[in-house]
Amino acid sequence: MRKKFIAGNWKMNTASITGELLAAGIVKGLAGDTRVTVAVCPPFPFLSRIGQAVHGTPVALGAQNCYPKNDGAFTGEVSPTMLVDIGCQYVIVGHSERRQIFKESDAFINEKTHAALKAGLKVILCIGETLDERKANRTEAVLDTQLTGSLANITADLLAKIVIAYEPVWAIGTGLNATPQQAQDAHAFVRQRIGQLCTKAAADALVIQYGGSVKPDNAATLLSQPDVDGALVGGASLKVEDFLGIIRAAR
Ligand code: PGA
């Protein structure tokens, strides 16, 4: 049985005090319940502070990005070892906003994935098609390219530290979520491809989150699909009650 995993991607939102209140509210609302794996991914400047707020609770800390080197002359970048140093357990790589706005390639995402795993982080790898790609019936081809590129040279033991977030780009921040069937179809395809690229056992154990306008009122039906093992939540992770509602739906 795969344990459901709900992660909040705060993106470039919150301030130190609002982030701390948000984290404290989630911790309080969870009341020590560990039936669902929960993580929050605040902006870099608040990681340390939010890390203190969730320390010793069931809420794990994640970062939204990293650079694939441990140190050196990379002005403005943050390394996986720095993230581990301040208590992160997860890092998101390959988010569609990074792919689109910052032109990140699958090869670069693959480098980040390897560097993050080597540093001891677990990776939330995001993949997903645009609306044009879906309309052109290219969803599976796009997912295939992203999976093979981003996961190059990833063995079964490394895959055990990876979570895949299927996030159709057209559903992110738009209020337009994929239907439960669309999500299930994509997730089943991802699991089947991972079975071919890696091993069947690794594919069966892989946690695949859905992301894109997940809200408390659509979470239960999405999460009831057999291959939907959790959610990567943007907008609704910024409100304590909404995020807790999604976690409740995952139980
Ligand atoms: P959203 O974002 O929930 O606001 O659609 C999801 C994401 O980008 O991870």
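Keep in mind the model is a prediction, meaning the values are calculated, not measured. Here, residues in each chain are numbered from 1, in the same order as that chain's written sequence. Restriction of local features to residues with pLDDT of at least 70 applies here, the model being predicted, together with a cutoff of 80 or more for giving and counting side-chain atom pairs; totals for whole chains, interfaces and linings are based on all residues. Hydrogens and water molecules were not included; the side-chain quantities draw on all heavy atoms of the structure.

(A) View of the sheet that holds strand S1 (residues 5-9). Spatially, the 8 strands close up into a barrel ordered S1-S2-S3-S4-S5-S6-S7-S8, and their pairing is parallel. When strand polarity is set aside, the average angle formed by the axes of neighbouring strands in this sheet is 25°. The pairing of strand S2 (residues 37-41) with strand S3 (residues 59-63) spans 3 bridges and is parallel. Looking at S3, one finds that Val40 is bridged to Leu61. Here, two residues are considered to be in contact whenever any of their heavy atoms come within 4.5 Å of each other. All axes here are fitted lines through C-alpha atoms, helices being fitted over the stretch that makes contact, and every angle between N-to-C directions spans 0 to 180 degrees. Where helices and strands are cited, they refer to DSSP runs of H or I of at least four residues and of E of at least two residues respectively, numbered from the N terminus. Strands strand S5 (122-127) and strand S6 (162-166) of the sheet are contacted by helix H7 (residues 139-150), whose axis makes an angle of about 150° with S5. Whether two strands pair depends on DSSP finding at least two bridges between them.

(B) View of the packing of aromatic side chains. Pairing of aromatic side chains here covers Phe, Tyr and the six-membered ring of Trp, requires ring centres within 6.5 Å, and sorts the geometry by plane angle: under 30 degrees stacked, over 60 edge-to-face, intermediate tilted. In this structure the tally under the stated criterion is 4 aromatic pairs. Plain terms: the ring middles of Tyr67 and Phe74 are 4.8 Å apart, the flat faces sit at 35° to each other, and that makes the pair tilted. Categorising residues by exposure relies on relative accessible area from a 1.4 Å probe, with only protein chains included: less than 20% of the type maximum marks a residue as buried, more than 50% marks it as exposed, and the intermediate range marks it as partly exposed. Take Phe74: its relative accessible area is 30%, and that puts it in the partly exposed class. Among the aromatic residues, those joined into a ring-pair cluster are Tyr67, Phe74 and Phe108. Counting as a charge over the ring demands two things of the Lys NZ or Arg CZ atom: a distance within 6 Å of the ring centre and an angle within 35 degrees of the ring normal. Note that Arg98 overlies the ring of Phe102, its terminal NZ or CZ placed 4.1 Å from the centroid.

(C) Local environment of the nonpolar core. Ranked by size, the top nonpolar core spans 64 residues in total, and within it Ile6, Ile164 and Ile194 carry the most contacts. Joining through side-chain atoms within 4.5 Å is the link that ties buried Ala, Val, Leu, Ile, Met, Phe, Trp, Tyr and Cys residues into a set, and such a set is a nonpolar core. Core analysis: the second largest hydrophobic core is formed by 13 residues, Ala60, Tyr90, Cys126 and Ala165 among them.

(D) Expanded view of the site of the ligand. Whether a residue is near a molecule or strand depends on its heavy atoms: it is near if one of them lies within 4 Å of it. Of all residues adjacent to the ligand, which total 13 residues, the nearest are Lys11, His95, Glu167, Gly173 and Ser213. As used in this structure description, the phrase polar contact means that two N or O atoms lie within 3.5 Å; if the pair is within protein, one of them must be able to donate a hydrogen and the other to accept it, and residues adjacent in sequence are counted only when both atoms belong to side chains. Between the ligand and the protein, one listed contact pairs an oxygen atom with a side-chain N or O atom of Lys11 at 2.7 Å. Taking His95, its side chain carries an N or O atom lying 2.7 Å from an oxygen atom of the ligand. Note on areas: Shrake-Rupley, 1.4 Å probe, and residue coverage restricted to the protein chains presented here. When isolated, the ligand has an accessible area of 280 Å², and the protein chains bury 97% of it. All residues other than Ala, Val, Leu, Ile, Met, Phe, Trp, Tyr, Cys, Pro, Asp, Glu, Lys and Arg, Gly among them, are scored as polar; the first ten of these are nonpolar and the last four charged. Among the residues forming the shell around the ligand, the class breakdown is 4 nonpolar, 7 polar and 2 charged.

(E) How the structure looks around the side chain of Ser79. Summarising the element assignment, Ser79 is placed in the loop between S3 and helix H3 (80-85). The buried category is assigned to Ser79, whose relative accessible area is 3%. Here Ser79 is in contact with Tyr67, Lys69 and Asn70, once residues within four sequence places are set aside.

(F) Spatial organisation of unusual backbone geometry. Here Ala31, not a glycine, exhibits a phi torsion of approximately 50°, which is positive. Among the structural elements, Ala31 can be located in the loop between helix H1 (16-30) and S2. According to the relative accessible area criterion, Ala31 is exposed, its value standing at 64%. Of note, Asn153 is a non-glycine position whose phi angle comes to about 60°, a positive value. Tracing the chain through its elements places Asn153 in the loop between H7 and helix H8 (156-159). Given the relative accessible area of 68%, Asn153 is considered exposed.

(G) Looking closely at the pattern of salt bridges. Take a side-chain nitrogen of Lys or Arg and a carboxyl oxygen of Asp or Glu: if they are within 4 Å of each other, that pair is a salt bridge. Going through the model one piece at a time under the given rule, you end up with 15 salt bridges. Two residues, Asp204 and Lys200, come together in a salt bridge whose shortest N-O distance is 2.9 Å. Of this pair, Asp204 and Lys200 both sit in helix H10 (residues 200-205), 4 residues apart, which is roughly one turn of that helix. Using a relative accessible area of 35% as the deciding quantity, one classes Asp204 as partly exposed.

(H) View of the side chain of Ser150. Note that Ser150 resides in helix H7. In this structure the side chain of Ser150 is engaged in a polar contact, spanning 2.7 Å, whose partner is the backbone oxygen of Gln146.

(I) Representation of helix H11 (residues 216-223) within the structure. Regarding H11, the residues found buried are Asn218, Ala219, Leu222 and Leu223. One face of H11 carries all of its buried residues, which in axial projection span an arc of 125°. In this structure, the buried residues of H11 make contact with S1, helix H9 (180-197), strand S7 (207-211), strand S8 (230-233) and helix H12 (240-250). Comment: arc refers to directions from the helix axis out to C-beta atoms.

(J) Structural context of the packing of H1 against H12. One can describe the packing of H1 onto H12 by two numbers: an axis separation of 9 Å at closest approach and a directional angle of 40°. By the criterion of interaxial angle, the relationship of H1 to H12 is oblique. Along this stretch, H1 crosses H12, giving a crossing that reads as right-handed. Only Val240, Phe243, Leu244 and Ile247 of H12 make contact with H1, whose side of the interface consists of Leu21, Leu22, Gly25, Ile26, Gly29 and Leu30. Each residue belonging to the contact of H1 with H12 can be placed in one class, and the counts come to 8 nonpolar, 2 polar and no charged. Angle categories: roughly parallel below 35 degrees, roughly antiparallel above 145, roughly perpendicular from 65 to 115, and oblique for all the rest. For any pair of crossing helices, the crossing counts as left-handed if the nearer helix is rotated counterclockwise from the farther one by less than a right angle, and right-handed if it is rotated clockwise.

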